[in-house]
Amino acid sequence: MKQQVTALGTGILFGVGLNVSQMVNPEKVIAFLDIAGNWDPSLAFVMAGALLVSFPAYMFILNRKRPVCAEAFDLPTKARPDPRLLGGAALFGMGWGLAGYCPGPAVSALAINWHEAVPFIIAMWVGGLLAEKL
């Protein structure tokens, strides 16, 4: 139960942060990605702020013997990216650039922009099903 409550609280905090930072606004995201046009650098400050908080926290957490809500850390074991990871990252980036959404902000956008977020989430779900079949 502790793990589920922690996950819920973390998810809510993440969603609020996405909304406050405007990362759920597809126009803002597309303007950030449009470096050759009318570029809006404000999301770069959001990302830099996230790194300033997460990097020291990551170092602190990894110095613990074990996670708070799990028996052991579940860290990646591969040292080099493989073709599946690179292909997935490329598809993710193209989808983000075309739609202005990625999975986390799309779910958060259900609260404020559901008429745009629902088709994206359905397409993301169908894409996940197709990926499992392939």
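Calculation rules
Residues numbered from 1 in each chain as written. Predicted model: local features only at pLDDT ≥ 70, side-chain atom pairs only at ≥ 80, totals over all residues. Heavy atoms only, no water. Helix = DSSP H or I, 4+ residues; strand = E, 2+ residues; numbered from the N terminus. Contact = heavy atoms within 4.5 Å. 1 Å grid on protein atoms, 1.4 Å probe; cavity = no way out; pocket = protein on both sides within 12 Å on 5 of 7 lines; lining within 4 Å. Points joined across faces, edges and corners; volume = space filled by probe spheres on them. Nonpolar A, V, L, I, M, F, W, Y, C, P; charged D, E, K, R; others polar. Core = buried A, V, L, I, M, F, W, Y, C linked by side-chain atoms within 4.5 Å. Buried < 20%, exposed > 50% of the residue type's maximum accessible area, 1.4 Å probe, protein only. Arc of directions from axis to C-beta. Polar contact = N/O pair within 3.5 Å; in protein donor to acceptor, adjacent residues only side chain to side chain.

1. With respect to the side chain of Ser-21
Then, in step 1: Position of Ser-21 among the secondary structure elements: in the loop between helix 1 (2-20) and helix 2 (26-33).
Then, in step 2: Apart from the residues lying within four places of it in its own chain, the contact partners of Ser-21 are Leu-43 and Val-46.

2. Topic: the layout of surface pockets
Then, in step 1: Considering only enclosed or pocket space, the largest pocket measures out at about 520 Å³ in volume.
Then, in step 2: Surrounding the largest pocket, 18 residues form its lining, Gly-88, Leu-91, Phe-92, Gly-127 and Ala-131 being those nearest its centre.
Then, in step 3: Of all elements in the fold, only helix 4 (83-99) and helix 6 (114-133) reach the threshold of two or more residues within the lining of the largest pocket.
Then, in step 4: Take the lining of the largest pocket: its biggest share by element is eight residues, from helix 4.
Then, in step 5: Counted as a void, the second largest pocket has a volume near 250 Å³.
Then, in step 6: Of all the secondary-structure elements, those providing two or more residues to the lining of the second largest pocket are helix 1 and helix 3 (42-62).
Then, in step 7: The dominant element in the lining of the second largest pocket, judged by the number of residues it contributes, is helix 1, at five residues.
Then, in step 8: In terms of residue class, the lining of the second largest pocket is built from eight nonpolar, three polar and no charged.

3. Side note on the nonpolar core
Then, in step 1: Ranked by internal contacts, the top residues of the largest apolar core, which has 13 residues, are Met-23, Leu-43, Trp-96, Tyr-101 and Ala-109.
Then, in step 2: For this core, the secondary structure elements donating two or more residues are helix 2, helix 5 (103-109) and helix 6.

4. With respect to helix 2
Then, in step 1: Pro-26, Val-29 and Phe-32 are the residues of helix 2 that are buried. Taken down its axis, helix 2 places every buried residue within 125 degrees of arc, on the same side.
Then, in step 2: Where helix 2 is buried, its residues meet helix 3, helix 4 and helix 6.
Then, in step 3: A distance of 3.1 Å separates the backbone nitrogen of Glu-27 from a side-chain oxygen at the start of helix 2, and that oxygen is part of Asn-25.

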